Amino acid sequence: AEEHAVAMASAIAAGGGKPVFGVYSTFIQRAYDQLSQDLCINNNPALILVFWGGASTMNDVTHLCLFDIPVIGNIPNMVYLAPTCREEYFAMLEWGIHQTEHPVAIRVPANGVLSRGIEPEKDYGKLLNRYEVAHRGGQVAVLGLGSFFQLGEEVVGKLKEETGMDATLVNPRFITGVDEALLEDLKRDHTLVVTLEDGVLDGGFGEKIASFYETSSMRVKSYGFAKRFYDRYDVAELRRANRLTKEQIAEDVITILS
């Protein structure tokens, strides 16, 4: 069903229509061939809404929602967006419906409908692969992707509480691209970049950031879930096992910098 839906959406977009395909993360992972061969090779501007991506949703081994970031995020021509709040989601949704340049997917936040009280950007085509600096500090930059932006806020707050450190907080917005200008600029007054993503680490967002910095002196610490087939897990226990609590991450950062 999901394979057919992606192929049909591509065909509708090719004919001038504007298809919007809403699908759970676990099911879009089953349509890789159609995403690549039917949709993205042809660069058809269909819009895919990916719901329930992350560890806090379905937890049956056959319905895991942890693999969509590496699956969708590495296909050429695709623009995969990761909103952090409802304002950003609706703005990305509006842009995705009306733009005609790219196949677009949006990873709808899965950890509650939140408001950041921000005025979001309107044209993500002009801002392609440009990240938002939510707070500018120094020494450590925390990149909180999508639904893990909240965790990023908590980590920055914990570092302030524990050490007085004023860390930078970044909302990447784009899963499929790297903001090279911003990452280069961070080299001036940062020594550590921390990435947070609600999915498996292998092939994910953090690896893109680590790869960018591989020939520099910048240290990168990426957080996500180990590549495994989990089954009927407790979310809190899984996050602790992968050091994905604010206390564990802050402890790691302090250790790395010491």
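Just above, that's the structure.
Residues numbered from 1 in each chain as written. Predicted model: local features only at pLDDT ≥ 70, side-chain atom pairs only at ≥ 80, totals over all residues. Heavy atoms only, no water.

1. What to know about the pattern of salt bridges
Moving on, step 1. Taken as a whole, this structure holds 14 salt bridges when the rule is applied.
Moving on, step 2. Here R232 ties to D60 by a salt bridge, and the two come within 2.9 Å at their closest N and O atoms. With a gap of 172 residues between them, R232 in the loop between β9 (219-225) and α9 (235-241) and D60 in the loop between β2 (47-51) and α4 (68-72) connect regions that are remote in the sequence.
Moving on, step 3. Relative accessible area serves as the criterion here: at 57%, R232 is assigned to the exposed category.
Moving on, step 4. Of the charged contacts, one joins K158 and E161 as a salt bridge, the two residues approaching to 3.5 Å between their closest N and O atoms. Of this pair, K158 and E161 both sit in helix α6 (residues 149-163), 3 residues apart, roughly one helical turn.
Moving on, step 5. Of the residues examined, K158 reaches a relative accessible area of 15% and is grouped as buried.
Moving on, step 6. Overall, E161 belongs to the exposed group, its relative accessible area being 59%.
Moving on, step 7. Look at the salt bridges and you will find they share partners, linking R136, D185, R188 and D189 into a network. (Salt bridge = Lys/Arg side-chain N within 4 Å of Asp/Glu carboxyl O. Helix = DSSP H or I, 4+ residues; strand = E, 2+ residues; numbered from the N terminus. Buried < 20%, exposed > 50% of the residue type's maximum accessible area, 1.4 Å probe, protein only.)

2. Observations concerning the sheet that holds strand β4 (residues 104-107)
Moving on, step 1. Read across the sheet, 4 strands follow the order β1-β2-β4-β3 without closing on themselves; strand pairing throughout is parallel. The sheet terminates laterally at β1 (20-24) and β3 (79-81), the two strands that pair on one side only. Averaged over all pairs of adjacent strands, the angle between strand axes in this sheet comes to 20°, irrespective of strand direction.
Moving on, step 2. Pairing between β3 and β4: 3 bridges, direction parallel. Residue pairing for β4: V79 is matched across the bridge by V104.
Moving on, step 3. Along the sheet, helix α5 (residues 86-98) makes contact with β1, β2, β3 and β4, crossing β2 at roughly 150°. (Pairing = 2+ DSSP bridges. Axes fitted to C-alpha atoms, helices over the stretch in contact; angles between N-to-C directions. Contact = heavy atoms within 4.5 Å.)

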